[in-house]
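Each chain is listed here by its residues.
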Amino acid sequence: MPHDPGRVLLVGAGPGAADLLTVRAARAVAEAQALLYDALVPQEILDLAPASCLKIQTGKRAGRTSMAQTTINRLMVRLARRGLDVVRLKGGDPSVFGRVGEEMAVLKAAGIEAQVIPGVTAAAAAAAQFGFPLTHRGQARRVVLTTARLDQGSLAEDWRAAADPEATLAIYMGGAAAGAIRDRLIAAGRSAATPILAVENAGRPAARLFTGVLGGLAETVPADLDGPVLIVVGDVAAQAVEAAPALTELAS
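Residues numbered from 1 in each chain as written. Predicted model: local features only at pLDDT ≥ 70, side-chain atom pairs only at ≥ 80, totals over all residues. Heavy atoms only, no water.

Draft legend 1. Region of the structure containing the environment of arginine 160. Looking at the secondary structure, you find arginine 160 in the loop between strand E6 (142–147) and strand E7 (167–172). For arginine 160, a relative accessible area of 66% puts it in the exposed group. (Helix = DSSP H or I, 4+ residues; strand = E, 2+ residues; numbered from the N terminus. Buried < 20%, exposed > 50% of the residue type's maximum accessible area, 1.4 Å probe, protein only.)

Have a look at this one:
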């Protein structure tokens with residue numbers, strides 16, 4: 001007897017701490033029958049899923065081997081057609097470099113019900129943890145979220161939007177390309193004296209902050225960082241401070 005199809009929820013896991021999940025996201029994980037999760041999702045969030053839940057890691061970590069997107073798409077459709085309620089659990093927010101548009105299109109074409117549940121993205125988590133704003137009156141009127149690399153792994157070429165001195169630039173997955181990013185931004189017109197910061201593992205208790213100016217970006221970001229790195233360029237970066245004990249406790 002054929003099953004009625006299940007649905008797929010594309011859920012943002014946030015920056016990693018379970019208490020930064022939205023209530024809706026936590027409920028979705030707790031009710032999941034199948035969970036397809038990214039490599040950066042911590043065990044404390046996976047533990048919210050029922051013991052009977054089918055859990056499959058999809059990888060999805062910059063610079064590391066991961067499951068092909070076409071395979072993930074097929075898995076979501078296949079599991080939903082078996083009648084399972086599927087949670088596709090992504091780090092951060094699904095709509096920020098999370099390929100949510102591609103996955104929604106595949107599910108829609110397959111006739112599968114799908115919804116997106118947002119999550120806290122790394123730029124917002126870093127700002128909260130280290131005490132700087134993403135926008136600030138008189139300094140930053142807009143925020144540009146960008147990724148350092150294109151699908152095939154090459155460095156993005158067009159950095160004209162980053163030349164705006166009133167824009168805060170948040171660069172995802174840029175740690176390994178710090179020197180090249182510095183060169184592109186200065187060539188696009190951003191001052192070498194612009195404050196910058198880099199955060200490894202934003203939003204987690206083990207997050208680390210590195211501060212400097214754009215001209216010294218390559219020296220500011222250690223080459224051996226293993227966690228995901230967010231780079232922030234703009235005057236607001238000068239307001240960053242090391243996380244206070246109370247903030248660290250809250251994130252733990």
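Resuming the write-up.
Draft legend 2. Fine view of the sheet that holds strand E9 (residues 208–213). Ordered by their spatial adjacency, 5 strands build an open sheet running E6-E7-E10-E8-E9, and the pairing between neighbours is mixed. Lying at the two open borders of the sheet, with one neighbouring strand each, are E6 and E9. If you compare each strand with its neighbour and ignore which way they point, the axes differ by 20° on average. Relative to E7, E6 runs parallel, the two being bridged by 6 bridges. Residue pairing across strands places valine 143 opposite threonine 168, the latter belonging to E7. (Pairing = 2+ DSSP bridges. Axes fitted to C-alpha atoms, helices over the stretch in contact; angles between N-to-C directions.)

Draft legend 3. Here's a closer look at unusual backbone geometry. Positioned with a positive phi, phenylalanine 97 is a non-glycine residue whose angle comes to about 55°. With respect to the secondary-structure elements, phenylalanine 97 resides in the loop between strand E4 (86–90) and helix H4 (100–109). Positive phi, close to 60°, is recorded for asparagine 201, a residue that is not glycine. With respect to the element layout, asparagine 201 can be found in the loop between strand E8 (195–200) and E9.

Draft legend 4. Local environment of the nonpolar core. Ranked by size, the top nonpolar core spans 21 residues in total, and within it Phe132, Tyr172, Leu197, Val199 and Leu230 carry the most contacts. Contributions of two or more residues to this core are made by helix H5 (122–130), E7, E8 and strand E10 (229–233). Here the element with the most residues in this core is H5; it accounts for 5 residues. With 20 residues, the next largest nonpolar core counts Leu155, Ala178, Phe210 and Val229 among its residues. (Core = buried A, V, L, I, M, F, W, Y, C linked by side-chain atoms within 4.5 Å.)

Draft legend 5. Structural detail: the sheet that holds strand E1 (residues 7–12). Strand order in the open sheet formed by 5 strands is E3-E2-E4-E1-E5, with parallel pairing between adjacent strands. Strand pairing shows two members of the sheet lacking a second neighbour, strand E3 (54–59) and strand E5 (113–117), which therefore form its edges. Going from strand to strand, the sheet's axes swing by 15° on average, the running direction of each strand aside. Pairing of strand E2 (residues 34–38) with E4 involves 4 bridges; the strand directions are parallel. Each residue of the ladder has a partner; that of alanine 34, found in E4, is valine 86. Contacts from helix H1 (residues 23–30) reach E1, E4 and E5 within the one sheet, and its direction differs from that of E1 by about 135°. Here H4 sits on the sheet and contacts E1, E4 and E5; the angle it forms with E1, its principal contact strand, is near 175°. (Contact = heavy atoms within 4.5 Å.)

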